Structure formats: C-alpha cells, structure tokens
Amino acid sequence: MDTVSSPETVNLELDDIQGGVLHPRPSPYVGIYLLLRIDDRRAGRELLRRLHPVVDAGRPSSDPARGAWVTVALTYPGLKALGVAQESLDSFAPEFRQGMAARAAELGDVGDSSPANWEKPLGTPEVHVALAALSPDAARLAVVVERARRAHQDLPGVEVIWRQDCYQLPTGRTSFGFKDGIGQPAVEGSGIPGSNSRERPIKAGEFLLGYPDETGSLPPMPTPEVLGRNGTYIVFRKLHTRVAAYRRYLRERASSREEEARLGAKMVGRWQSGAPLALSPDHDDPQLGADPARNNDFDYHDDLRGFKCPAGAHARRANPRDALDQEGSVNVRLHRMIRRGTSYGPMLPEGVLEDDGVDRGIIFVFVGAHLKRQFEFVKTQWINDGIFIGAPTEKDPLAGPNDSSGMFTIPQQPIRRRLQGLPPFIVTRGGEYCYVPGLRALRWLAELKT
Ligand code: HEM
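Reading the values: rules and limits
- Position numbers for residues count from 1 along each chain, tracking the sequence in the order it is written.
- Local features in this predicted model are restricted to residues whose pLDDT is 70 or higher, and side-chain atom pairs enter the listing and the counts only when it is 80 or higher, whereas totals over whole chains, interfaces and linings include all residues.
- With hydrogens and water excluded, all non-hydrogen atoms of the structure serve as input to the side-chain values.
- Any Phe, Tyr or Trp ring, taking Trp's six-membered ring, that has another such ring centre within 6.5 Å forms a pair; planes under 30 degrees apart are called stacked, those over 60 apart edge-to-face, and the others tilted.
- Only DSSP runs of H or I reaching four residues or more are called helices, and only runs of E reaching two or more are called strands; each is numbered from the N terminus.
- When a residue's accessible area, from a 1.4 Å probe over protein chains only, is under 20% of the maximum for its type it is buried; when over 50% it is exposed; and in between it is partly exposed.
- Here, axes are lines fitted to C-alpha atoms. For helices the fit covers the stretch in contact, and angles between N-to-C directions go from 0 to 180 degrees.
- With respect to orientation, any angle under 35 degrees is reported as roughly parallel, any angle over 145 as roughly antiparallel, any angle of 65 to 115 as roughly perpendicular, and every other angle as oblique.
- Put simply, a crossing is left-handed when the front helix is turned counterclockwise from the back one by less than a right angle, and right-handed when it is turned clockwise.
- Working rule for contacts: check all heavy atoms of both residues, and any pair within 4.5 Å makes them a contact.
- Polar here means any residue outside two lists: the nonpolar Ala, Val, Leu, Ile, Met, Phe, Trp, Tyr, Cys and Pro, and the charged Asp, Glu, Lys and Arg; Gly therefore counts as polar.
- Read the arc as the range of directions from the helix axis to the C-beta atoms.
- Water is not among the atoms examined, so metal sites may look incomplete; donors are the N, O and S atoms within 2.8 Å of the metal, or within 3.2 Å for Na, K and Ca.

Visitor: Explain the packing of aromatic side chains to me, and be specific about the residues and the numbers.
Guide: A complete count under the given rule lists 17 aromatic pairs for this structure. With 5.5 Å between their ring centres and 55° between their planes, Phe-96 and Tyr-233 make a pair best called tilted. You can see Phe-96 sitting in helix H5 (residues 94–98) and its partner Tyr-233 sitting in strand E5 (residues 232–241), a full 137 residues away along the chain. Phe-96 gets classed as buried once you look at its relative accessible area, which sits at 1%. In textbook terms, an aromatic cluster arises when at least three aromatic residues are bridged by ring pairs, as seen for Tyr-76, Phe-92, Phe-96, Tyr-233 and Tyr-435.

In structure tokens form, the structure reads like this:
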C-alpha cells in the first residue's frame, strides 16, 4: 500500500502541454465541443496555425479569458487529412489508428450502442479535428469560442460538422443525480495536489508522452519527436443516460426513498453528494461529499468483502485502489486515468419516472498516454466484466453493457442482496479516439509542406 507522497522528480514542459490536459474542470462550467472536417490539407494547416495562439499552455496566464480554455485534438483520419507522412502515421498507437468505431465490439458498444446507431458523424472518417472549449461561465466561454470561430470561419476546405453544448446542471451533479469528477489521480510534476493521501502521484508518463511511466520506461511515442513529445491521447464518448429507467429500477426494488438512495449509492460507490461509501457506509454525508480534502481520501483494504462499498460498484471497479493488492497480480497504477467529463442536456425533473424523450447524459472524456492499458482495459476488464472480482456474470451496474439479464451483488449481513434484471442505463451515442498534440507539435503540423 502506498501511504506517503514521494517528492516530485520530473520537470514537465508545461509551456508545451495543452492547458486542458492537466487543468481540473471548473465548477460550475459551461462548454462547447466542435468537430470539424478538413477537405483541403492547406486549409487544415491554416486552421491549426490560427488555433495555435488560441490554445493555452499548462501554465496559468494573465489573459482576461483566464479560467476558460480551448483544447485541440486530432483523429487519425485528421492527421491523414493534414498530410502527415505515412511513416509518422504508423507510429501512433494501433487503437488510435483503428478508431473507436472499429473497437466497438471489444468495448461493448453493441445493440443500441453500436456504431450503426451512432449520431452522425461520430465514428465516421469525416471527423478530423475536435475542439473543446470549457469555461467557468458563459461570458468567458463566449470570448474563447469567438477566438476559435475566427480560426475556422471563412476558411473554405474546413467544415464544422458537429456541435455539442454542455453545462453543469444546477444541482452540480450529473443526470443520475451524483456528483462526479471527484476521483482523479495526482500527476507527478503537474503541481496539482492529489486528493488521496494513500496514492502516490502517478508518473507523468502515464498521461503525457515523452516522460517515464509507471513501468520506468518511456511510453511509445509518435514520431518525429516534435510531434509526439508532450502529446497525449483522449477518448471522447457521448453517453446518453436513461435516467427514467434508472429511477424506475430503483423504485421497484426499494421500499422507501432512503432505500432507493442506498441502492443507488451501492451501485456507484458514493452517495449522491459525492461522499464515498468507504468513509460513510450507512448514510449520505453532504459535508464530506463537498470537502475536497476528504472526499477522495480513502482506500478499500479494510473492506475487502465489500460490506461498505460493493466490489461491483462503479467507482470501485473503475479504480479498485488497494483492493486488488492482495492478489498481487494487478498494479492498479497502470490503469489510472484523468477524466474531464461534462454533462449535457437538461435534468429530468425530480420525481419523474417516465422518459420525456430528451437527450441527456455525459460527455465522457479520458486523458492518458495508453489507450489500451488504461481506457480499454478498465472498460473491458473492470466495467464490462466481473472476473476480476470473482463475479464473472456481473457487469458494472451503472456503466456496464447490461441487457436486462444482469445482476448486482450487495454484500451485507446476514445475507447478501442481489439485484436482478439490470437493464442498460447508458447508451453510447458515439465517440472518437483523438490525439492532443503539444503546442510545438501543433505548430509543426501547421507548417507541414508536402
Ligand atoms: C454515463 C456513464 C458514467 C457515469 C454516469 C459515471 C459516473 C461516475 C460517478 C458518479 C463516479 C463517482 C464520482 C467520482 O469519483 O467522480 C464515477 C467515478 C469514476 N468513473 Fe465513471 N461514470 C460513467 C462512465 C465511466 C466510464 C466509461 C469509465 C471508464 C472507462 C469511468 C471511469 C471512472 C473512474 C476512473 C472513476 C473514479 C473512481 C475513483 O477514483 O474512485 N466512468 N463515475
């Protein structure tokens, strides 16, 4: 078990890292995601040239739009459309080259979630550039969005093909009613303090290319070095949440509102306020949930049987902390991720149990240097499967690809409780694997010649 913080031993080139990679999301927040298609490589390069000054580096700035930032990311077809040489294209991670749609069966994106049913143009080779603008308020968002708009307007050969607005709900929570974005790793060298004193900061190379990772080696980096260094991968997924189905499911299995809240908390691993079951197993504790110094400061070694937080709960699956140390086989530090997700769509009003047909959910955003052993591993082995917790027939009760035959076990005494017939509460509407270049790399791409 890691109980102490180690001194930071790496100097990150923060001036070259896009700000959105390491900046925690503001709260509240508003934001916009744009996807663009490049029909002409020269126009695509001009777009990047114009975007370059719009993108903040990792250091704080004195800009009036401070607190708001734009992140620029590229898909594999996007790099191709810019005219990146084949040798360089071949040096990117294989999963990135394939793209998320091609990984769908592996990721559990089947049935309603399969790429055939995705919102167009998500998952098609038309998606080349992804822009994300995030801000604490609408006024500062307008400033950075206007800058981004100036970069692509009047640029024949570059087309905006998709837009998604996002904003924090007035409750400060996501559509299922839970506070999120709490559990994040500390990144060595970022200067951002960790929130879990039991987890040593994770090596920078787990999240940024060009630095040693937890294995002690440099993660595979795209070539040439100027393109790879200080870059990272992101996973972007639009996840529709079936809130009415979720509420009905709990209502049908609970005899009181208190029990509904308890079952919901058992599924997530935290109460709606964000208070972790590991620290407050029997009731919600809004003060704990709101306290960043305490709400992530825990592990699971004193709860290996899951009486407080079930091993199958979403947050415990996604980050089992020290619960897997006992088997000695899994190094959880190799499967950590930065999350930058946001909410989209309005709330389903409190108490409503019928679907109103409105699209609402989460734009899930993963940041990490290893698509396969971070995002894909967690999604396929820990969320979509239960072998690792000795429950091979169980999937994540909230985020797993359940099909109404699913089950969720809540360990309790004298006898455990089992929730049966879990339907899917989440439908994938689409997504992309993207590469976030460093700022020098962005300029290098803008100056490509052939
Ligand atoms: C719509 C789908 C999802 C919803 C509603 C959701 C919701 C939540 C909530 C409420 C928490 C607890 C609060 C927090 O620590 O932030 C959480 C934690 C987390 N989720 Fe999700 N999640 C979703 C999908 C995913 C997916 C697809 C992954 C990864 C592949 C994931 C990875 C994580 C991780 C790593 C944590 C932090 C765990 C920790 O450090 O304790 N989530 N999520």
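Past the structure itself, the notes keep going.
Visitor: Which residues make up the packing of helix H9 (residues 243–253) against helix H10 (residues 257–268), and what are the values?
Guide: Running from N to C, H9 and H10 point in directions that differ by 120°, and their axes come no closer than 9 Å. Taken together, the axis directions place H9 and H10 in an arrangement best described as oblique. Crossing geometry of H9 relative to H10 is assigned as right-handed. From H9, Tyr-246, Tyr-249, Leu-250, Arg-251 and Arg-253 reach across to H10, where they touch Arg-257, Glu-259, Glu-260, Leu-263, Gly-264 and Met-267. Its residues assigned to classes, the contact of H9 with H10 comprises 5 nonpolar, 1 polar and 5 charged.

Visitor: Tell me what's going on with helix H14 (residues 439–446), and back it up with residues and numbers.
Guide: Taken together, the buried positions of H14 are Leu-439, Ala-441, Leu-442, Leu-445 and Ala-446. Projected down its long axis, H14 shows its buried positions confined to an angular sector of 155°, all on one face. Next to the buried residues of H14 lie helix H2 (41–51), strand E2 (69–74), helix H3 (76–81) and helix H8 (225–228).

Visitor: Residues and numbers for the coordination of the iron atom of the ligand, please.
Guide: Donation to the iron atom of the ligand from the protein comes from one atom only, His-314 (NE2), at 2.0 Å. Among the secondary structure elements, His-314 is positioned in helix H12 (residues 314–318).

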